[in-house]
Amino acid sequence: MKPAITIKNLNFYYRQVMALKNISIDIPANRVTALIGPSGCGKSTFLRVLNRMNDLIEGTRIEGKILFNDTNIYKDMDLMKLRKKVGMVFQKPNPFPMSVYNNIAYGPRLHRKISDKELDGIVEKSLKSASLWDEVRDRMESSALGLSGGQQQRLCIARCLAVQPEVLLMDEPTSALDPVSTAKIEELVKDLRDKFAIIIVTHNMQQAGRISDYTAFFLNGEIVEYGATREIFHRPVDKRTEDYITGRFG
Amino acid sequence: MRSHEKWVQGILFILATTAVLTVLAITFFIFSEGLPIMVDRGVTGFIGSTRWEPLSGSFGILGMIIGTIQITLGAIALGVPVGLACAVYLAEIADRRLEKILRPGIELLAGIPSVVYGFFGLSVVVPFLREHFPGNGFSILAGSIILAIMILPTVVNISENSIRSVPGDYRSASLALGASHWQTILRVILPAARSGIAASVILGMGRAIGETMAVIMVTGNVTKVAGSIFDPARTLTGNIAIEMGYAAGEHREALFATGVILFLIIMVLNFSTTRFSRKAGDVK
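Residues numbered from 1 in each chain as written. Chains lettered and ligands numbered in written order. Predicted model: local features only at pLDDT ≥ 70, side-chain atom pairs only at ≥ 80, totals over all residues. Heavy atoms only, no water.

*Asks:* Outline the domain arrangement of chain B, supporting the account with residue identities and numerical values.
*Replies:* All names here are of chain B. Taken domain by domain, chain B consists of domain 1 (3-48) and domain 2 (64-278). On a C-alpha basis, the centroid separation for the pair domain 1 and domain 2 is 27 Å. Taken together, the contact between domain 1 and domain 2 spans 13 residues of the former and 13 residues of the latter. Between domain 1 and domain 2 the total buried area reaches about 1,100 Å² when both faces are included, carbon and sulfur atoms providing 78% of it. Three residues stand out in domain 1 for area buried against domain 2, namely Ile30, Glu33 and Ile37, and they jointly supply 41% of the buried area on that side. The interface formed by domain 1 and domain 2 holds two salt bridges in total. Among the ionic pairs, Glu250 bridges to Arg41, the shortest N-O distance being 2.5 Å. Its residues assigned to classes, the side of domain 1 that touches domain 2 shows eight nonpolar, two polar and three charged. (Domains from an automatic or database assignment. Contact = heavy atoms within 4.5 Å. Buried area = accessible area lost by both parts, 1.4 Å probe. Salt bridge = Lys/Arg side-chain N within 4 Å of Asp/Glu carboxyl O. Nonpolar A, V, L, I, M, F, W, Y, C, P; charged D, E, K, R; others polar.)

Here's what the structure looks like:
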């Protein structure tokens, strides 16, 4: 199968510090890829390279190639188009201080003129896909900040879905949530896999095991091991991977 | 607690209450001097009348109230868009080097004495208006232009602060959805900062209403209600400052009564600012 994103010889710098070293992997389409590793290993940085959110930080620089739909995202692709196609869910739920409806409608309204009726349809569909519709259908006009943390995070996912991304980046999306909300999000990730590639950064080994098809283990800015989750968890090739997974460090 | 600490506490308490007591004293003084004539002339004779003829005993300040409103609204209409643009630029766009040049410039505006603004208005704005527009230059528009400049620091500083205090999360969320920087500013950041921006407008308004010297120097100060922005007008503050020197008896009381009205307007504005800043962050 054609990969969703191809990364070739990626180096990434924060000023003089090399934060990612020579990373070359293919991210498969319609699969969940988990990025694991200890704090500061570069997994979040890697994630933010993929939708160029690191561009907002002064003094960052990349080398190498990242191909999305055969296009180098740092050279030949319009930044806004890239971010529309590669959505992102953040660690802390960050709904806009607007109504539930306007949160979802925000993305579609950015990119084109759109009729109210079509917009209603997109909002409903996105909320249903994020399994939030039943909980918010009667409070579309109330503030999104009044939702619970878990609902807010699913709202953020729905907000991404509304612009029809091809890839969904998730940066520890459940680390600020309670176990029940976490379970709902994990369920959601499994459902959404059919529609696009999902890349999820997680600190939680069990979570990576439960929801991902592929896993990449990061250490000190390098990918130590990358492969099918089952293989990585049961028969890690590298000693360091084994140590991390069995909880000997990290 | 040792006894000398009690002394220190007592002294600090007295000093702290001085400010409040002063306000109370001023309030009492203005009201006791101004209220009798307001009661005597009633609403129609004082607030409801545009006839201000101290020599014949008519003290209608409606003209000045209208003048104040006209000049203030003009100042807001001119000053707020510029101030807001400046705040957005400083908070969102300017790099550090440019910021270092712009910010002291704006702060300097706040430090210029108002008579200097008046002098600038008198020697630049008024002649300019006289040359290019109807009227003799002394006008509502001249007052509004000068006041618009004078309220800039207030509008810029408070708006900029409220823009800067919008959580970065909102910005990231918007950009990550493919919004441009400009779309993000317009659709997320400014709406989220709107209570602070509203507060800056109200505070600017307060400043504009209270300003006296610069306004007297450029607005012409006639008590007739202006028909256009090129006509002269008199403000409430101007009324007091111009006539206080020679007023006596009822005339003097009427000026205090003007002060009462001014006082009430400023009170209302101040209360609405606190209301707005309390609502900050609680956006729909």
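*Asks:* Kindly report on the interface of chain B and chain A, identifying the contributing residues and their values.
*Replies:* Contact residues are listed per partner, giving 19 residues for chain B and 26 residues for chain A. Carbon and sulfur atoms make up 63% of the area that chain B and chain A hide from each other, which totals about 1,900 Å². Of all residues in chain B, Ala176(B), Leu177(B) and Arg187(B) bury the most surface against chain A, accounting for 32% of the area lost on that side. Counting across the interface, chain B meets chain A through two salt bridges. For Asp169(B), the salt bridge goes to Lys92(A), with nearest N and O atoms at 3.0 Å. At the junction of chain B with chain A, the criterion picks out six residue pairs in polar contact (both at pLDDT 80 or more). Where the side of chain B that touches chain A is concerned, the elements lending two or more residues are helix 6 (168-176) and helix 7 (181-192) of chain B. Taken together, the residues that form the side of chain B that touches chain A break down as nine nonpolar, six polar and four charged. (Polar contact = N/O pair within 3.5 Å; in protein donor to acceptor, adjacent residues only side chain to side chain. Helix = DSSP H or I, 4+ residues; strand = E, 2+ residues; numbered from the N terminus.)

*Asks:* Let's hear about unusual backbone geometry: which residues, and what values?
*Replies:* Residue and element names in this part refer to chain A. With phi around 60°, Arg52 is a residue other than glycine that occupies positive phi space. Turning to its location among the elements, Arg52 is positioned in the loop between helix 1 (43-50) and strand 4 (60-68). Phi at Asp70 is positive, roughly 65°, even though this residue is not glycine. Among the secondary structure elements, Asp70 is positioned in the loop between strand 4 and strand 5 (71-72). We classify Asp70 as exposed; its relative accessible area is 64%. (Buried < 20%, exposed > 50% of the residue type's maximum accessible area, 1.4 Å probe, protein only.)

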